[in-house]
Each structure stands twice: as structure tokens, then as C-alpha cells.
Amino acid sequence: MPRAPRAVPTWLAHPLRWQRLPVPWAAVVRGALCAGPLLAAGLATGHPAAGVLAGLGSMLAGVNDRPGTRRRGIVHIGLPALASAFGMLMGATLQTVGAGWWLVPALFAVGFVSGAGSVAGPVRSNAGMQMLASTILGAGMPLSGAPWLKALYLLAGCLWLILLRLVFHPPRPAGGPLSGERAAVATVFDALADALDAVGGPGAEAARRRLTAALDRADEALRLRRLLRRRPSPGERLLAERLAAATALCEASVALLWEARPLPARVAEGPRRFAEALRTGRPPGRLSAPDTSSPARGAFDRALLDAAVVFARTEPVDAAGADGGPAVISGAVRPEERESGDQRGSGAQREPEDQRVPEERRESEDQRVPEERRESGDQLTSGDQLTSGAPRKLRSEAPPVRRGRSMFGPAGRDYGLRVGLCIAVSAAVALALRAEHWYWLPATATFLVKPDLGPLFSRTVNRFAGTVAGVLVFAAAGAVLDGWWWPALVAGAGGALLPFATRHFALQTVAITLMVLSFVHVSGDPQAALERIVDTSAACALVLVVGHLPRLADPRRRVGHKVTAALRATETYLGEVLRTEPGHDRGERLVRRRAAYRALGEARAAAETAAAELVAARGRNPDWLTVVTAAERIVDAATACAVRLDHGARRPTPQEARRLCEALTAMADALEDPGRPGPPALAAQIPPVPGCATLTDVAAELEHLRGFAGAA
């Protein structure tokens, strides 16, 4: 009997994974007009150092040039650009004073700060990584000029890419202004339609995660626009109301996903019509007839009707705050303002006023206003709550827990220690072996060792392969081409390849290697190409050894805190669902649901990275992905429970609600501190909840989790 083929280990298969993404042609054009032309301008004017530094700045900015609104690009490129300039200032200062071996402790300190920033969100994490890389290059590359002038040249290259991003962008769609923000909200409706198509199938949970990610991106797009303009325009407020309508539909769609009954194709047609209306500016047209076969389907159709009302309006119904700040969506829509859009097509009947769910329109402000106090990537705090009354404004009962503070927590210290130690060791080895060109080895380690960038083994393999390929291409170009201009041509080709190369880290390394070798060649080291392979090999070996030290490679220290935070956010949301009485304000529940899904998304990303590590310590740790999946199903079931409770289902007794919440809290405590004796709630079996299928599912997932938490 033939043996079944053995599955390839995750850590071995991960380096071969390739992302399927559309080609960002606008970014390709920007990349071609950045590093190459800037380097050529420096060479043509007799200022090669200025051209190298400006090209280097545009290269670092190009790594962060991702699709999104122009304002999103300014934030995601601008903050790392400032950090890069500061790093160049520090590195050039160290070079000027002749730091010598003092570079090792100095780079350890910068590496520690860069690594600790990995827990502060993706934007600040990228800023920390580029600050470290610029510090190393500024301290090592033999370029003339004062430290402050080098920092200005680097910043100028970053600003050149931002200027190109503001000029070279896709044509404005027929829908009019706010093109990027409208497209982001339209993507939410597209993801919602895809999730409805997946109901009852094997891809339902993955579709729900994509829907949550689309909501986060749209939320960020609107929030960043308000950060750069004090008073929102009527168009911005109307778009915020449409995002609120989308979030109301999303809550109902999660309940449909929980029911797992395949839906007719016409159900997904409504969200697709809304997406098309956002892109074109035309009315969405007739929607499907209502269906009340289940509480979730009834909630979805009511939310669909409310969305039709919102899309029929040409002016927002909310008003700006007294301070001129962001508009506050009150959720109280007057009947005369609903008449124009209170129909489905030409023959639809208006829904009775007492059956509408106006609170669902508040979700846009519920999820957005607290986030104005944080940067992109920060987590919504649990203290943000709604006051009663209309218009409703958000307040905080407790000081918001800023995510940046966790940089000094256990996870931040571990991340910082891993990066700082790897950089210090690589710098010391490089100084001992090749003091005149020491910077390549720690610079290579910088792009490998950051814990939030992906599995260490996978990045190391792809970095080596990409460097070898880049060196060979550069050497071939040098053998074929001649003249002062050919390094600029190679740098331009690498810049054009960089936006496309986001699909795979090895391809991205090829693009970066081509540009860096061009800069090094111009700066006075024409024979550096083959040495880069040796340096990269040494850096990869050092990173693999140091990065897999027992303390630094333990997934519990890098993943456990995120999973624990996700379980606590899940418990908070579940408690809010079970506490909210019918007819009461549901804004706080909506805030908690978004916070729970956001925390679960971060925990899943960390768990997937840990599962693909070469040394995962699986025998001593829970199956983190299983824990996160169970928590996601608890939030899905709790959302379905909330919809059913709104429609008059039997409410659980206080004892049943307390038992479920205490069990979830006990599991979070057990995962957070495995050495502490488990509480009684963890040891007792969790019985089903009679008469409530949703909470029975919650109890079943809690029972599933109990084994993992007890084994922790």
C-alpha cells in the first residue's frame, strides 16, 4: 500500500509563498522616477554624495509606498522618513567623531529602541527599522558632508517620493472628490458581498476576516483625512454615514455567517450595488425584497433599508461639533429626512419607525473618534464609551491605554533585546573582520531580525537568495554597460521593481540590492558587489543563531501577550452583549466588537508567524492558531446572540452570563501567567446554555479553549 505523502513543514514551505496582488502601476512609475534620476542628477552636477543620499532616502520611502489614499501615503511614508533622517543624523555624527568600537553599544541602544517599537503598530515599527538602517549606513558609508546636511539630503529624497505620490495617482473616478476614501468604503461593501457569497461554505471564516480588514482600512482612510483637516466637509460626513451603514450591515452579516445557511445570490447584490454607487456617484437602484426567515436575515434587511436611506441622501444629517471637530453621527434621523430615500426602488414600502435600528449608524463614530487619539495601527482602547443623548459624543471613563507604552512592557523588552543583540553582535564581527566596510553586515541584519516582519528562517533564506540574484544582475550590468550613467540606470530599474516586489521578500531584496550596490559603487567602492555575498552570508548565519536563542525564540513571549489581549477583548465584548438591554444604546457594544476583531486580527498575524518559525517550541506552548480561531468563533457567536436578543430571544440569566465571562477571563489569566494556579472557573466544565444556540456555541468553544489554557 503506497504511503501518503508527508506534508511539507510550515517553516520550510513559507519561503516559497507568493502574494497575488494587482500591479501598482502608479507606484512603479514613481519608483522609476526616484532613486535613478536623483542619483543621475547628483552625478551630473558633480555632487555624487548628495545624489546617493537622496536616492537612499527615496529607496527607504519606496518600501512604504503602498496602495491607499494620498493622506495615508503621507503618514505611512512621512513618519518613517523623519525617523530615517534622524537616524542618518545620529550615524553621521558617530562617523564624524570617529566612534570606533563605541559603535557597538551605540547600535545596540538604537537597535533596542527599534525592536521595542515593533509592538507599537506597523507605522512606528517601520519607522524604527528605517531609523536603525539609516544610523548604520550613516555611520559606515564613506560620504562627504556635515551630519545635518546628510540628514537633509536623505529627507529630500523621501519628500521627492511624497511629491510624486501627490502628482502621480490614479485618475479621479466619476464619483467625484474623496476618491481614495470612497474607494476604501466601496471595498468594504465588496468584501461584505464576498462574505455573503461564502456563507455556509468552507471559506466563510476567511471571508469574515477579509471583511474586518477592509473595515479597518476604510476607517483609517477617513480618520487620516480628519487628522489633516480640522473641519470635515459635508461630503466627508456623508461618506462617514455610509461607512456607518456598512458597519451595521457587517454586524448582521456576521450573524448570517454564524447561521451557516447558504444565501441566494441576490442577497449579495445589494452591497455590490452600494459599492458601485460609491465609485460612480450614481444611485444604487432597486434592492432585493426583504426576508424575515431568521433573526439574522431580518436584521440584515433592516440594515440594508437603512443603508438605502443613507445612499439616497445628498447631504449629511449629522452636524459638526461645537469646536469645529469631526462630525458626530447622532443616529437620530428625522422622518422628513428619510422620506427621500425610504424606499427600495419605486414601489417599496417604508419601514415603521419603531422597527428601525438608527443606533447602527453610530458605529462609524464609535469606531473612529477614539482612534483619533492614536496613530495608524494603534489598538482601540477599552475605555472609550458613549454618553447618552443626541447628538452623541465620545468620552473616556479611564485614561486611554496608549499602545506605545507597551514598548516598555515584557514583549517590547524582548523584541528590543533580540534586535539590539543581533545588531551589536553583527557590528562587532564586521568591525573585527573588515573595519573599512563594516556597515553591510549589520544593515543586512536590520531587515531580518525584526520580530513583526515575518518568520526569521523564511526571511533569512529569501534575503540570501535575493542578495545573490541582485549581485549577479548588478555584475552583469556592469560588464555590459559603460560610462558614469549606468549605476543610475540600474538604480532606476530597482526603484521601478520595488513596488511590484512586495509580493515576495526575495524579489524585494533583489530590488533593494540593485539600488544599494549602485549607491555603494558611486560612493567609491566599485568592487563591493561580490563582498556583499560574503557579508550577507555571515549576517544570515549570525541572525539565525542569535535570533533562535531560547529566550528570544520563545513564541509565548512574542505571541502570548497578543493572544491574551485578544481573549480579554473578547470577554469585554461578550459581557457587553449580555449586559445590553433591549432598546438601550448599543454604541458601546459596537465599539467593543470592533476592538475584539482588531485584537484578534493582530493575534492571528502573530500566531501565524510563530507557527512558521524554524524553532517554534511547539511542545511547550498551546496551539496559538487554534486558540485564536476559537476566540474568533466566540465573537461571531456573540454577535449572532446580540442580533437575536435584539429580536426578542430569551436572555440568559445573570448566573449563565457570569459563568461564561468568568471562564473566558480565567483562560486569559492562565495563558498570561502559566505558573499561577488555575482558578475554579478554569477547572469546572462549561455546560451549554439551555434555549440559546448562540451561547451554547460560545460554551462549546470555551470548553475547547479550556484544554489549551489548562495545559499552559
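Another aspect to go through is the overall build of the chain. Each helix and strand counted, the chain has 28 helices and four strands in total. Residues counted as buried form 57% of the 712 residues belonging to the chain. Restricting to contacts in the chain with at least 6 residues of sequence separation, those with at least 24 account for 81%. In the structure as shown, the chain presents an accessible area of about 28600 Å², 62% of it carried by carbon and sulfur atoms.

Positive phi is not limited to glycine here, since Ala260 has a value of about 60 degrees. Its place among the elements puts Ala260 in the loop between α11 (234-259) and α12 (269-280).

Another aspect to go through is a nonpolar patch on the surface. Taken together, the side chains of Ile74, Trp160, Leu163, Leu166 and Val167 present a nonpolar region at the surface, about 410 Å² in accessible area. Looking at which element gives the most residues to the nonpolar patch, the answer is helix α8 (residues 147-167), with four residues. As for its position among the elements, Val167 is in helix α8.

So, on to the packing of α11 against helix α24 (residues 587-611). Put simply, α11 and α24 touch, their axes get as near as 12 Å, and they point 70 degrees apart. The angle between α11 and α24 places the two elements in the roughly perpendicular class. Residues Thr247, Glu251 and Val254 of α11 pack against Arg589, Leu590, Arg593, Arg594 and Tyr597 of α24. For the contact of α11 with α24, the per-class residue count stands at three nonpolar, one polar and four charged.

Moving on, we get to the packing of aromatic side chains. Scanning the model with the defined rule gives five aromatic pairs in all. The interplanar angle of 35 degrees and the centroid separation of 6.5 Å between the aromatic rings of Phe108 and Phe112 together place this pair among those described as tilted. Of this pair, Phe108 and Phe112 both sit in helix α6 (residues 103-116), separated by four residues, roughly a single helical turn. Residue class for Phe108 comes out partly exposed when judged on its relative accessible area of 30%. Ring geometry for Phe274 against Phe311: centres 4.6 Å apart, planes inclined by 25 degrees, an arrangement best described as stacked. Of this pair, Phe274 sits in helix α12 while Phe311 sits in helix α13 (residues 295-312), and the two are 37 residues apart along the sequence.

This next bit is on helix α17 (residues 440-449). For α17, the tally of buried residues reaches ten of ten residues, placing the bulk of the element in the interior. Looking only at α17, the buried set comprises Trp440, Leu441, Pro442, Ala443, Thr444, Ala445, Thr446, Phe447, Leu448 and Val449.

Turning next to the confidence of the model for the chain. When pLDDT is averaged across the chain, the result is 79; 79% of the residues are at 70 or more. Scored below 50 in pLDDT, residues 319-405 makes 213 contacts in the model with residues more than four places away or belonging to other chains.

The contact between helix α3 (residues 35-44) and helix α19 (residues 486-500) brings their axes to 7 Å, and the two run at 160 degrees. Relative to α19, α3 is oriented roughly antiparallel. Handedness of the crossing formed by α3 with α19: right-handed. On the side of α3, the interface is formed by Ala35, Gly36, Leu39 and Ala40, while α19 contributes Pro487, Ala488, Ala491 and Gly492. Its residues placed into classes, the contact of α3 with α19 shows six nonpolar, two polar and no charged.

Now for the pattern of salt bridges. Applying the stated rule across the entire model yields 27 salt bridges. Three or more residues joined by partner-sharing salt bridges are found here, namely Arg208, Arg209, Arg604, Glu608, Glu632 and Asp636.

Relative to the 26 Å expected for 18 residues at 1.5 Å per residue, helix α20 (residues 505-522) spans 26 Å between its end C-alpha atoms, a close match to the ideal helical length. A large share of α20 lies buried, amounting to 16 of its 18 residues. Backbone geometry just downstream of α20 places Gly524 in the positive-phi region, at approximately 115 degrees.

Further remarks concern the environment of Asp219. Take Asp219: it is sitting in helix α10 (residues 204-228). The spacing of Asp219 and Ala244 is 25 residues in sequence and 9.9 Å in space, taken between C-alpha atoms.

We now examine the environment of Arg604. Within the secondary structure layout, Arg604 lies in helix α24. Along the backbone, Arg604 and Thr629 are 25 residues apart, and their C-alpha atoms lie at a distance of 8.1 Å. Ignoring any residue separated from it by four or fewer positions in sequence, one finds Arg604 in contact with Arg209, Leu625, Val628, Thr629 and Glu632.

This brings us to the environment of Lys450. For Lys450, the location among the structural elements is in the loop between α17 and α18 (456-480). By relative accessible area, which is 1% here, Lys450 ends up buried. For the pair Lys450 and Ala116, spaced 334 residues apart in the sequence, the C-alpha separation amounts to 9.5 Å. Here Lys450 is in contact with Ser114, Gly115, Ser118, Ser125, Met129 and Val419, once residues within four sequence places are set aside.

About the cut-offs
Residues numbered from 1 in each chain as written. Predicted model: local features only at pLDDT ≥ 70, side-chain atom pairs only at ≥ 80, totals over all residues. Heavy atoms only, no water. Helix = DSSP H or I, 4+ residues; strand = E, 2+ residues; numbered from the N terminus. Buried < 20%, exposed > 50% of the residue type's maximum accessible area, 1.4 Å probe, protein only. Contact = heavy atoms within 4.5 Å. Areas by Shrake-Rupley, 256 points an atom, 1.4 Å probe, with all protein chains shown as cover. Patch = residues over 30% accessible without salt bridge, like charges linked within 9 Å, V, L, I, M, F, W, Y side chains within 5 Å. Salt bridge = Lys/Arg side-chain N within 4 Å of Asp/Glu carboxyl O. Axes fitted to C-alpha atoms, helices over the stretch in contact; angles between N-to-C directions. Parallel < 35°, antiparallel > 145°, perpendicular 65-115°, else oblique. Nonpolar A, V, L, I, M, F, W, Y, C, P; charged D, E, K, R; others polar. Phe/Tyr/Trp six-rings, centres within 6.5 Å; stacked < 30°, edge-to-face > 60°. pLDDT = per-residue confidence, 0-100. Left-handed = near helix turned anticlockwise from the far one by under 90°. Expected span 1.5 Å × (residues − 1).

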